[in-house]
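# Examining the three-dimensional arrangement
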Amino acid sequence: MELYKQLLYILGFSFAGEVISNVFQLPMPGSVIGMLLLFCALQFKFIKVHQVEKVGAFLLENLSILFLPAGVGIMVYFPIIRKNWWLLLLITFITTGVSIGFIGKLVQWVKRKYEEDAIDIKQKGEQK
Amino acid sequence: MFQELTSNPMFGLIVSIGMYLLALEIFKRWPLPIFNPLLLATVLVIFLLKMGKIPYKDYYEGGSMLNVLITPATVALGIPLYNTFHLLKHHARSIVVGIVFGSFVNIFLTGILGLIFKLDHDILASILPKSVTTAIAIGISEKMCGVATVTLVIVIATGIIGSIIGPPILKLLKVEEPVARGVALGSSAHAIGTAKAMEYGRVEGAMSGLAIGVTGVVTVFLAPILLNLLGHWFM
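Going along each chain's sequence as written, the residues are numbered from 1 onward. As they are written, the chains are lettered A onward and the ligands numbered 1 onward, keeping that order. Selection of residues for local features in this predicted model requires a pLDDT of at least 70, selection of side-chain atom pairs for listing and counting requires 80 or more, and totals for whole chains, interfaces and linings are taken over all residues. To get the side-chain values, take all heavy atoms of the structure and skip hydrogens and water.

Turning to the interface of chain B and chain A, a few remarks are in order. Contacts between the two partners involve 95 residues from chain B and, on the opposite side, 76 residues from chain A. Together, the buried faces of chain B and chain A total about 8100 Å²; carbon and sulfur atoms form 79% of this surface. When a carboxyl oxygen of Asp or Glu lies within 4 Å of a side-chain nitrogen of Lys or Arg, that pair is called a salt bridge. At the boundary of chain B with chain A, the tally comes to three salt bridges. Across the pair Glu177 of chain B and Arg112 of chain A runs a salt bridge, and its minimum N-O distance is 3.2 Å. Ten residue types, Ala, Val, Leu, Ile, Met, Phe, Trp, Tyr, Cys and Pro, are classed as nonpolar, four, Asp, Glu, Lys and Arg, as charged, and the remainder, Gly among them, as polar. Residue composition of the side of chain B that touches chain A, by class: 61 nonpolar, 25 polar and nine charged. A contact between two residues is defined here by any heavy atoms of the two lying within 4.5 Å. Two parts placed together each lose some accessible area under a 1.4 Å probe, and the buried area is that loss summed for both.

Residue and element names in this part refer to chain B. Even without glycine at this site, Lys118 takes up a positive phi of about 55°. Secondary structure elements are defined from DSSP: runs of H or I of at least 4 residues count as helices, runs of E of at least 2 residues count as strands, and each element is numbered from the N terminus. On the secondary structure map, Lys118 appears in the loop between helix H8 (92–116) and helix H9 (121–127). Backbone geometry places His190, a non-glycine residue, at a positive phi of 35°. Inspection of the secondary structure puts His190 in helix H12 (residues 178–200). When a residue's accessible area, from a 1.4 Å probe over protein chains only, is under 20% of the maximum for its type it is buried; when over 50% it is exposed; and in between it is partly exposed. A relative accessible area of 3% means that His190 is categorised as buried.

To continue, consider the packing of helix H6 (residues 85–114) of chain A against H12 of chain B. It is the contact of H6 of chain A with H12 of chain B, at a shortest axis distance of 8 Å, that shows an interaxial angle of 150°. The crossing of H6 of chain A and H12 of chain B is right-handed. Residues Thr96, Ser99, Ile100, Ile103, Gly104, Val107, Gln108 and Lys111 of chain A of H6 of chain A lie in contact with H12 of chain B, whose contacting residues are Val179, Ala180, Val183, Ala184, Leu185, Ser187 and Ser188 of chain B. Within the contact of H6 of chain A with H12 of chain B, the residues separate by chemical class into eight nonpolar, six polar and one charged. Comment: axis = line fitted to C-alpha atoms, over the contacting stretch for helices; angle = value between 0 and 180 degrees taken between N-to-C directions. When the near helix sits turned anticlockwise from the far one by under a right angle, the crossing is termed left-handed; a clockwise turn instead gives a right-handed crossing.

This part is about the domain arrangement of chain B. Residues and elements named next belong to chain B. The domain architecture assigned to chain B consists of domain 1 (2–68) and domain 2 (78–234). Summarising the inter-unit geometry, the C-alpha centres of domain 1 and domain 2 are found 27 Å apart. Taken together, the five residues of domain 1 in the interface contact five residues of domain 2. Counting the surface lost from both domain 1 and domain 2, the interface buries some 430 Å², and carbon and sulfur atoms represent 81% of this. It is Pro33, Asn36 and Leu38 that lose the most area in domain 1 upon contact with domain 2, and together they represent 76% of the buried surface on that side. One can count zero salt bridges joining domain 1 with domain 2. Pairs of N or O atoms within 3.5 Å make up the polar contacts considered here, provided that, within protein, one atom can donate a hydrogen while the other can accept it, and that residues adjacent in sequence are counted only when both atoms are side-chain atoms. Joining domain 1 to domain 2, the criterion identifies zero residue pairs in polar contact (both at pLDDT 80 or more). Residue ranges assigned to the domains are those given by an automatic or database domain assignment.

In this section: the side chain of Ser21 of chain A. The topology assignment puts Ser21 of chain A in helix H1 (residues 2–23). Its relative accessible area of 2% is what places Ser21 of chain A among the buried residues. Among the polar contacts made by the side chain of Ser21 of chain A, one reaches the side chain of Lys143 of chain B at a distance of 3.0 Å. In contact with Ser21 of chain A, other than residues within four places in its own chain, are Leu26, Met28, Pro29, Gly30 and Ile33 of chain A together with Lys143 of chain B.

Structure representation (structure tokens):
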């Protein structure tokens, strides 16, 4: 029953997230609240990583397939974007390019200016 | 009788898993960003349904089972966030500053362009969270009355475009810090960008993965606020 137990934990956090999002009418999706709840529970040692690790890994390693049914839904929704799909692509192209360049430059600048010990930290991070 | 069989939940599940595995094989053989497994599998399933004249509703009987798991899978993202949290603490300033301002520019520019091109409100809401990982993006989009499927398609397109144009842009702008490269790719092109970041090295990969979570949380707040502001000023 180990896997079901792990699943129960993750479903519990998911449901709690949905409940909080709905009851308090928050703009934040329940799934994100659940994610933060799980993160806090791990951080404050209410649960340990090994108690959710296996099911978590199963869900995350195969995350993409979960979006397939929603993606196939485009065959129903295509009329909505038929007239401007190329505009959406153009916007995506421009904004993604700007975003990558901007973030890359900004992070590099802040890092070189304020985080001198970059190399040491990098190695420490890798060892963990 | 045919209809009875295709509306059996088993049908949608088998088609989904089978076509995804096939797409994965094709991607393994030709690892080009355009052969993104999810994109390829989507095309394959649609092709199959059109050929067999099977309505989406029938396929979704089984497909919904995968769909239900999106929320728990998003919650599970809390685990890698916990595992990489020490990296965030060490590089907190550059990562947080980069992602907050970067996401702001990204969402704001998307909104402005959307208004210039006169997109409908629900389409605009659907594309604002496009740089965030799919699960969170759909949650954000639905909260803003967007169309989940449009969000999904544009999120995948963003990932593919980002992983293709990202490396040349970073090279052109002389971005050489591993942390900067990783955060730029993960924050702009989520998991598909992270796959590209991993080709640079492990630090880039870890940073990129971390950036996905942080960008998700930042966008949850920024997207509705900016949508409201843009709506106020221009609509």
